[in-house]
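# An overview of the molecular structure
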Amino acid sequence: MPPVISVANLRKTYGSLVAVDDVSFTVEEGEIFGLLGPNGAGKTTTMECVEGVRKPDAGTVRVLGHDPGARATDLQNRIGVQLQEAHLQKRIKVWEAVDLWRTLFPRTVDGEALLEELGLSEKRDANFMDLSGGQKQRLFIALALINDPEVVFLDELTTGLDPQARRTIWEMVQRIRERGKTVFLTTHLMEEAERLCDRVAVIEHGRLIELGTADELIARHCPERSVVLSSDAGLSVDAFAGMPGISSIAAIESENGRFRLAGLGDDFVSNVIERLAERSIRVTEFRTETPNLEDVFLKLTGHSIRD
């Protein structure tokens with residue numbers, strides 16, 4: 001099957017500011033694809049060019065086989081869009097917003113059933129201004145799904161939400177994919193990208209710097225694993241000298257026998273456990289630390305995504 005979304009050498013400028021610079025990627029049918037990067041990296045501009053909201057200065061974009069800029073009318077019935085800065089009239093009721101959106105499309109799903117699925121049935125008569133942040137985002141998801149789209153665009157969907165509301169939204173996004181939809185989302189939240197996305201494209205200063213699954217990127221750029229352990233038995237660094245796979249030993253609290261061991265290979269943690277068993281070393285703390293996308297971003301850019 002051809003890609004649902006194909007972007008090649010995309011470039012977008014605003015005067016002297018280069019917002020997107022030579023970005024290329026594809027999104028396959030049925031996957032959740034994430035554009036990951038800090039605020040101002042070019043994520044939203046890239047998504048808006050793909051949606052047809054903005055016209056690229058260079059490069060090509062195809063969505064479901066169409067140029068979104070030239071064939072916007074053909075695409076609007078096949079895609080669903082949630083915008084980062086979306087707002088509704090303060091006193092519009094939930095059911096009124098859904099009913100209004102249904103009039104925009106020739107074919108729609110059952111609005112009441114959609115509200116039920118998204119946990120908004122009890123809020124159908126509530127004004128938009130009276131909804132919580134999570135409820136507003138669920139309503140925007142409902143509006144993006146009202147035309148039963150093939151591709152759903154979600155821009156910074158959970159920014160500003162509390163952890164519980166964020167996880168509720170994540171479950172809904174996963175259910176969207178389970179219904180056979182393709183999801184293209186932007187986020188600056190590492191946990192969100194790791195939790196939801198089949199693949200991520202890492203973007204920084206308008207340029208795409210990496211692309212792949214979270215596991216692929218971690219294995220490629222941050223293959224080390226760490227073990228933090230403590231012992232009340234006079235543990236020293238000598239206990240781990242020459243151990244297979246070990247690359248560094250750092251004393252966190254040497255007087256208390258607390259160390260961080262770093263090493264490579266799938267067997268590294270097992271090697272640590274075997275060494276402890278061979279020398280009958282009693283430990284009071286033992287935990288593993290595995291790298292994540294935050295570590296990958298730090299390795300690629302030299303700074304945290306929150307900087």
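The rules behind these values
- Residues numbered from 1 in each chain as written.
- Predicted model: local features only at pLDDT ≥ 70, side-chain atom pairs only at ≥ 80, totals over all residues.
- Heavy atoms only, no water.
- Helix = DSSP H or I, 4+ residues; strand = E, 2+ residues; numbered from the N terminus.
- Buried < 20%, exposed > 50% of the residue type's maximum accessible area, 1.4 Å probe, protein only.
- Contact = heavy atoms within 4.5 Å.
- Areas by Shrake-Rupley, 256 points an atom, 1.4 Å probe, with all protein chains shown as cover.
- Lys, Arg positive; Asp, Glu negative; His and termini not counted.
- Charge placed at Lys NZ, Arg CZ, Asp CG, Glu CD.
- Phe/Tyr/Trp six-rings, centres within 6.5 Å; stacked < 30°, edge-to-face > 60°.
- Lys NZ or Arg CZ within 6 Å of the ring centre and 35° of its normal.
- Axes fitted to C-alpha atoms, helices over the stretch in contact; angles between N-to-C directions.
- Parallel < 35°, antiparallel > 145°, perpendicular 65-115°, else oblique.
- Left-handed = near helix turned anticlockwise from the far one by under 90°.
- Nonpolar A, V, L, I, M, F, W, Y, C, P; charged D, E, K, R; others polar.

## Here we look at the overall build of the protein
Counting its secondary structure elements, the protein contains 10 helices and 13 strands. Projected onto the principal axes, the alpha-carbon positions of the protein cover approximately 75 × 45 × 40 Å. In the protein, which comprises 307 residues, the proportion classed as buried is 46%. The contacts in the protein between residues at least 6 apart in sequence include a share of 68% that link residues at least 24 apart. In the form shown here, the protein has an accessible surface area of approximately 15100 Å², with 47% of it arising from carbon and sulfur atoms. Positive and negative charge centroids in the protein, built from 36 and 49 side chains respectively, lie 4 Å apart.

## A short note on the packing of aromatic side chains
Across all of its chains, the model carries five aromatic pairs by this definition. Plain terms: the ring middles of Phe25 and Phe33 are 5.2 Å apart, the flat faces sit at 15° to each other, and that makes the pair stacked. We note that Phe25, like Phe33, is buried. Taken together, the ring pairs connect Phe25, Phe33, Phe153 and Phe184 into an aromatic cluster. Over the aromatic face of Phe128 sits the side chain of Lys136, whose NZ or CZ is 5.0 Å from the ring centroid.

## What to know about the packing of helix H5 (residues 133-145) against helix H6 (residues 163-178)
For any two helices packed against each other, one specifies the crossing angle of their axes together with the interaxial distance. Contact geometry for H5 and H6: axes closest at 10 Å, N-to-C directions at 15°. Here H6 runs roughly parallel to H5, going by the angle between their axes. Taken as a pair, H5 and H6 cross one another with a handedness that is right-handed. Contacts from Gly134, Gln137, Arg138, Ile141 and Leu145 in H5 reach Ala165, Ile169, Met172 and Ile176 in H6. Residue composition of the contact of H5 with H6, by class: six nonpolar, two polar and one charged.

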